[in-house]
Amino acid sequence: MKLNAEEYSALCKQASPRSPLARDCCWAFFVGGAICLAGEGLRVLYLRLGLSPEDAGALVSVTLVALSGAATAAGWYQKLASRAGAGTLVPITGFANAVVAPAIEFRSEGLVPGVGAKMFTIAGPVIVYGTLASAIWGALVWLTGAGG
């Protein structure tokens, strides 16, 4: 069966379900807002626990990454993303999901060739670079006594 471009387009339009744009936008807005609100709630909690604003901000980032990684591992993040779409792409949680999802998908191939290799295919280099750079910087500050 040979189709021209117009016939193919008509078949695609017929087979593709219409997307409820307003509902999708509302889901994205409210889920993204809820993630940001959770981050702000964590920041206020950490400040009330006596952390400095800088430490509270860093701990919020770490907590959101850990929570979204755990939600990805449990299979919840993808279910939420299928409903909320771009609302789950709040930078820090979307990044954690992008790192954890491929690692989990290939865990049956083993820790190094599966989890390790696939984790590095998407966003792993950023995490590794950030972790190594901060560890080296921290070691230099500690060794030189420049930290206070």
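Residues numbered from 1 in each chain as written. Predicted model: local features only at pLDDT ≥ 70, side-chain atom pairs only at ≥ 80, totals over all residues. Heavy atoms only, no water.

Enquirer: Is there a simple way to explain the overall build of the chain in this structure?
Expert: For the chain, the count of helices and strands is 7 helices and 0 strands. For the chain, the proportion of its 148 residues judged to be buried stands at 22%. Of the roughly 10,500 Å² that the chain leaves accessible, carbon and sulfur atoms contribute 70%. (Helix = DSSP H or I, 4+ residues; strand = E, 2+ residues; numbered from the N terminus. Buried < 20%, exposed > 50% of the residue type's maximum accessible area, 1.4 Å probe, protein only. Areas by Shrake-Rupley, 256 points an atom, 1.4 Å probe, with all protein chains shown as cover.)

Enquirer: Please clarify how the side chain of Ser68 should be interpreted in this entry.
Expert: Here Ser68 lies in helix H3 (residues 53-74). Once residues within four sequence positions are removed from consideration, Ser68 is found in contact with Tyr77, Ile92, Thr93, Ala96 and Asn97. (Contact = heavy atoms within 4.5 Å.)

Enquirer: What exactly am I supposed to notice about the nonpolar core here?
Expert: Note on soluble globular proteins: their nonpolar side chains tend to be buried together. Core analysis: the biggest nonpolar cluster contains 5 residues, these being Leu42, Tyr46, Ala56, Val60 and Leu64. Counting residues per element, the ones that place at least two in this core are helix H2 (21-48) and H3. Counting residues per element, this core draws most heavily on H3, which supplies 3 residues. (Core = buried A, V, L, I, M, F, W, Y, C linked by side-chain atoms within 4.5 Å.)

Enquirer: When you look at the environment of Cys36 in this model, what are you seeing that I'm missing?
Expert: Tracing the sequence through the fold places Cys36 in helix H2. Considered as a pair, Cys36 and Thr93 are 57 residues apart in the sequence and their alpha carbons are 9.9 Å apart.

Enquirer: Whenever I open this one, the packing of aromatic side chains confuses me. Can you help?
Expert: Each aromatic ring pair is specified by the distance between its two centres and by the angle formed by the two planes. Summed over the entire model, instances satisfying the criterion amount to 1 aromatic pair. Seen in terms of ring centroids, Phe29 and Phe30 are 5.2 Å apart; in terms of plane orientation they differ by 80 degrees. Their pairing is edge-to-face. Of the two residues examined, Phe29 and Phe30, each falls in the exposed class. (Phe/Tyr/Trp six-rings, centres within 6.5 Å; stacked < 30°, edge-to-face > 60°.)

Enquirer: Can you walk me through the packing of H2 against H3 in this structure?
Expert: Any two packed helices are characterised by how steeply their axes cross, that is the angle between the axes, and by the distance between the axes. Remark: H2 packs on H3, axes separated minimally by 9 Å, with the N-to-C direction vectors making an angle of 135 degrees. Put simply, H2 runs oblique to H3. With respect to the hand of their crossing, H2 and H3 are arranged in right-handed fashion. Facing H2, whose interface residues are Gly39, Leu42, Arg43, Tyr46 and Leu47, H3 presents Pro53, Ala56, Leu59, Val60, Thr63 and Leu64. Partitioning the contact of H2 with H3 into residue classes produces 8 nonpolar, 2 polar and 1 charged. (Axes fitted to C-alpha atoms, helices over the stretch in contact; angles between N-to-C directions. Parallel < 35°, antiparallel > 145°, perpendicular 65-115°, else oblique. Left-handed = near helix turned anticlockwise from the far one by under 90°. Nonpolar A, V, L, I, M, F, W, Y, C, P; charged D, E, K, R; others polar.)

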